Amino acid sequence: MATFVPGLTPPADCAAVLTFIVSPAGDLLVVSSEPLRLPGPGPLSAAPGSAATGSVFLGRLGDTACFAQWGPEVAPAGTEYRNLREVLLRLDEPLGPLAGRARQVLEWDRDHRYCGRCGTRMQDKGDERARVCPACAHLCFPRISPAIIVGITRGDRILLCRNRRFAGVMYSIVAGFVDVGETLEQTVEREVAEEVGLRVRNIRYFGSQSWPFPSGLMLGFTAEAEPGDIRVDGDEIVEADWYTAANLPTIPRPGSISRCIIDSLLGRG
Ligand SMILES: [Zn+2]
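Residue numbers run consecutively from 1 along every chain, following the written order of its sequence. Local features in a predicted model are, by the rule used here, given only for residues with pLDDT of at least 70; side-chain atom pairs are given and counted only at 80 or more, and totals for whole chains, interfaces and linings are based on all residues.

Trainee: Hey, could you run me through helix α3 (residues 184–196) in this one?
Mentor: For an α-helix the count is 3.6 residues per turn, leaving residues at separations of three or four pointing the same way. The end-to-end C-alpha distance of α3, which contains 13 residues, comes to 18 Å, matching closely the 18 Å that a straight helix rising 1.5 Å per residue would cover. Among all positions in α3, only T187, V188, E189, E191, V192, E195 and V196 are buried. Our contact criterion uses C-beta atoms placed from the backbone: two residues qualify when those atoms are within 7 Å. Elements are defined by DSSP. Helices are runs of H or I of four residues or more, strands are runs of E of two residues or more, and each kind is numbered from the N terminus. In this fold, the buried residues of α3 make contact with β10 (145–154), β11 (157–163), β12 (174–177), β13 (200–211), β14 (216–225) and β15 (237–243). In the segment just after α3, G197 is the residue with positive phi, at about 70°. Every helix has an expected span of 1.5 Å times one less than the residues it contains. Residues with at least 20 other C-beta atoms within 10 Å of their own are called buried, those with 12 or fewer are called exposed, and the rest are partly exposed. The C-beta atoms themselves are positioned from the backbone.

Structure follows, in structure tokens:
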């Protein structure tokens with residue numbers, strides 16, 4: 001499939017339109033049959049490209065112009081809303097990440113219509129994805145919240161924990177948001193200490209994944225545990241232990257950065 005090229009103004013020469021329609025709750029509209037796919041092009045409810053219309057141009061995918069648009073509360077016949085977490089990992093590249101981008105841009109668009117400093121209606125900056133206040137020049141870019149996720153090993157074992165918020169009995173690796181003023185390495189050390197009571201060494205960058213719930217960027221790391229016992233915080237993390245490839249519990253689905261880190265550390269691909 002073609003490479004996505006972000007943009008601000010719909011080009012005149014696009015042959016097709018692809019619209020990512022997001023429900024008021026943040027779910028993505030898809031066709032009600034397998035395989036998972038987006039509904040075909042339909043008439044846009046208003047001219048795209050500004051906060052007033054609720055439809056935002058994202059960029060182009062080959063000769064297809066991509067838009068994001070808020071959908072109605074109830075999905076039209078033949079379609080349904082699906083949780084974006086599921087869709088993000090199941091749609092082929094680059095559609096999955098584009099769906100995440102669509103939701104983040106729409107939410108930013110909706111939440112930055114008025115200046116947070118003086119209350120004046122904001123204007124599109126024009127030359128980049130940003131809003132500027134005509135009264136006080138306050139400038140707002142889409143906000144991205146960095147979070148770390150770290151796979152910790154001890155020998156051939158990996159630390160997996162069960163978070164209170166996880167549905168069912170899913171186990172994953174330690175994760176948490178970067179605090180104001182922290183380096184990423186400090187966040188790794190703090191989150192690991194807080195959640196499982198361990199100290200770590202050899203913190204190494206692994207890779208990243210956009211995580212639009214609502215505006216996260218997951219920065220993946222690996223690290224080795226220093227000697228010491230696991231002490232779960234009992235609040236966010238209710239259970240944690242060391243696992244090998246031979247005795248894994250239920251882990252996150254393929255495609256997520258947590259799963260990539262787990263598989264990589266256990267030599268599973
Ligand atoms: Zn202002």
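From this point, the discussion proceeds with the structure in view.
Trainee: Would you take a moment to explain the domain arrangement of the protein for this structure?
Mentor: How large an interface is tends to be reported as the accessible area lost when its parts come together. What marks off one domain from the next here is an automatic or database domain assignment. On domain assignment, one finds that the protein holds domain 1 (4–110), domain 2 (112–143) and domain 3 (145–265). With 7 residues of domain 1 at the interface, the matching set in domain 2 holds 6 residues. Three classes are used, and their members are as follows: Ala, Val, Leu, Ile, Met, Phe, Trp, Tyr, Cys and Pro are nonpolar, Asp, Glu, Lys and Arg are charged, and the others, Gly among them, are polar. The residue makeup of the side of domain 1 that touches domain 2, split by class, is 4 nonpolar, 2 polar and 1 charged.

Trainee: Is there a simple way to explain the nonpolar core in this structure?
Mentor: Generally speaking, soluble globular proteins have nonpolar side chains that are buried together. Judged by nonpolar contacts, the single largest core of 25 residues is most densely connected at V150, I152, L159, I173, V174 and V192. Going through the elements one at a time, β10, β11, β12, α3, β14 and α4 (257–265) are the ones with two or more residues in this core. Residues within four places of L159 in sequence aside, it is in contact with I152, I173, V196, A225, A240 and W242. With 24 residues, the next largest nonpolar core counts V56, Y81, L98 and V105 among its residues. Nonpolar cores are built from buried Ala, Val, Leu, Ile, Met, Phe, Trp, Tyr and Cys residues. These are joined into a set through C-beta atoms within 7 Å.

Trainee: I'm lost on unusual backbone geometry in this one. Help?
Mentor: Along the chain, E34 connects to P35 via a cis peptide bond; the corresponding omega equals -5°. Among the structural elements, P35 can be located in the loop between β3 (28–31) and β4 (55–61). Cis geometry marks the peptide bond from F213 to P214, where omega comes out at 0°. Unusually for a residue other than glycine, A137 sits at a positive phi of about 70°. Topologically, A137 is positioned in the loop between β8 (131–132) and β9 (139–140). Residue A137 is classed as exposed on the basis of its C-beta count, with 10 C-beta atoms lying within 10 Å. Even without being glycine, N202 reaches a positive phi, approximately 50°.

Trainee: Which parts of the structure should I look at to understand the environment of V174?
Mentor: With respect to the helices and strands, V174 occurs in strand β12. For V174, a count of 28 C-beta atoms within 10 Å corresponds to the buried category. Along the chain, V174 and R268 lie 94 residues apart, while their C-alpha atoms are 19 Å from each other. Discounting residues that sit within four places of it in the chain, V174 has contacts with V150, I152, C161, E191, V192, E195 and V196.

Trainee: Looking at this structure, how should I read the sheet that holds β8?
Mentor: Within a sheet, adjacent strands bond to each other through the backbone by hydrogen bonds, running parallel or antiparallel. Strands pair, by our definition, only if DSSP identifies at least two bridges between them. Pairing in this open sheet of 3 strands is antiparallel, and the strands run β7-β8-β9 from one edge to the other. The two strands at the open ends of the sheet, each matched to only one other strand, are β7 (123–124) and β9. In this structure, β7 lies alongside β8, joined through 2 bridges in antiparallel fashion. Each residue of the ladder has a partner; that of D124, found in β8, is R131.

Trainee: What am I meant to see in helix α2 (residues 95–111) here?
Mentor: In this model, α2 (17 residues) spans 24 Å end to end at C-alpha, consistent with the 24 Å of a helix rising 1.5 Å per residue. Extensive coverage of α2 is indicated by the burial of 13 of its 17 residues.

Trainee: Is there a simple way to explain the environment of G126 in this structure?
Mentor: As for its placement among the helices and strands, G126 is situated in the loop between β7 and β8. C-alpha separation for the pair G126 and L8, spaced 118 residues apart in sequence, amounts to 7.7 Å.

Trainee: Can you walk me through the pairing of β11 in this structure?
Mentor: It is a general feature of regular strands that their side chains alternate between the two faces of the sheet. Across 2 bridges, β10 lies against β11 in antiparallel orientation. Bridged to T153 within β11 is I158. With 6 bridges joining them, β11 and β15 adopt antiparallel strand pairing. Paired with I158 across the strands is Y243, a residue of β15.

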